[in-house]
Amino acid sequence: MMTFVMFGKYTIEGLKGMSAERTASAVDVIKQCGGKVEQMFATLGEHDLVFVLSFPSLEDAMKCSVVLTRMTGIAFTTAPAVPVEKFDQMMSGI
C-alpha cells in the first residue's frame, strides 16, 4: 500500500452537506476504492481537511479523489507521501 495525503478545501456546496453521515459515506467510498483511512483531521488555514490514506496504487488514489470531490463538493488535492527514512534512502544515491 502507498501512502497519500489528501487536502480538502470547502466550497459553498461542500459546506451545505457537512455531517457525520457524509464523513461516514466518504470513509465508505475510500474503502470501495481499495483505500484505508489512517487519519482524518479538520484544520484551520490553507486547508480545511487533511486525510492520511493508504491505497494500492496511484490510480486508486486519483480515482478516489475525484469520486470524493463529486460526492461532497469539497475540492481535494491528493499527493503521494513517503516516510522520511525511505526518502533519505532514495536520495542517498544522488
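The coordinates are above.
Not measured: the values here are computed from a predicted model.

Thoughts on the side chain of Ser65
Right, on to step 1. Position of Ser65 relative to the elements: it lies in helix H3 (residues 58-72).
Right, on to step 2. The class of Ser65 is buried, set by a relative accessible area of 8%.
Right, on to step 3. Not counting chain neighbours up to four residues away, the residues in contact with Ser65 comprise Met6, Phe76 and Thr78.

Quick look at the packing of aromatic side chains
Right, on to step 1. Scanning the model with the defined rule gives two aromatic pairs in all.
Right, on to step 2. With centroids separated by 5.7 Å and ring planes inclined at 45°, the aromatic side chains of Phe51 and Phe76 adopt a geometry described as tilted. With Phe51 in strand S3 (residues 49-55) and Phe76 in strand S4 (residues 75-81), this pair connects stretches of sequence that are 25 residues apart.

Quick notes on the environment of Val29
Right, on to step 1. Here Val29 is to be found in helix H2 (residues 20-32).
Right, on to step 2. Assessed through its relative accessible area of 10%, Val29 is described here as buried.
Right, on to step 3. Residues Val29 and Ser65 lie 36 residues apart in sequence; the distance between their C-alpha atoms is 9.8 Å.
Right, on to step 4. Discounting residues that sit within four places of it in the chain, Val29 has contacts with Cys64, Val67, Leu68 and Met71.

Here we look at the pattern of salt bridges
Right, on to step 1. Taken as a whole, this structure holds one salt bridge when the rule is applied.
Right, on to step 2. Note that Lys16 is salt-bridged to Glu13, the shortest N-O span being 3.2 Å. With Lys16 and Glu13 both in helix H1 (residues 12-16) and three residues apart, this pair spans about one turn of that helix. For the pair Lys16 and Glu13, a shared accessibility class is recorded, and that class is exposed.

Some thoughts on the sheet that holds strand S1 (residues 2-9)
Right, on to step 1. If you walk across this open sheet you meet the four strands as S2-S3-S1-S4, and the pairing is antiparallel. Sheet topology places strand S2 (36-42) and S4 at the edges, where each strand pairs with a single neighbour. Looking at each pair of strands side by side, their axes are set apart by 20° on average, direction ignored.
Right, on to step 2. Across six bridges, the pairing between S2 and S3 is antiparallel. Among the inter-strand pairings, Ala42 is bridged to a residue of S3, identified as Leu49.

Reading guide: rules and limits
Residues numbered from 1 in each chain as written. Predicted model: local features only at pLDDT ≥ 70, side-chain atom pairs only at ≥ 80, totals over all residues. Heavy atoms only, no water. Helix = DSSP H or I, 4+ residues; strand = E, 2+ residues; numbered from the N terminus. Buried < 20%, exposed > 50% of the residue type's maximum accessible area, 1.4 Å probe, protein only. Contact = heavy atoms within 4.5 Å. Phe/Tyr/Trp six-rings, centres within 6.5 Å; stacked < 30°, edge-to-face > 60°. Salt bridge = Lys/Arg side-chain N within 4 Å of Asp/Glu carboxyl O. Pairing = 2+ DSSP bridges. Axes fitted to C-alpha atoms, helices over the stretch in contact; angles between N-to-C directions.

By themselves, these observations are geometric and do not establish any function.
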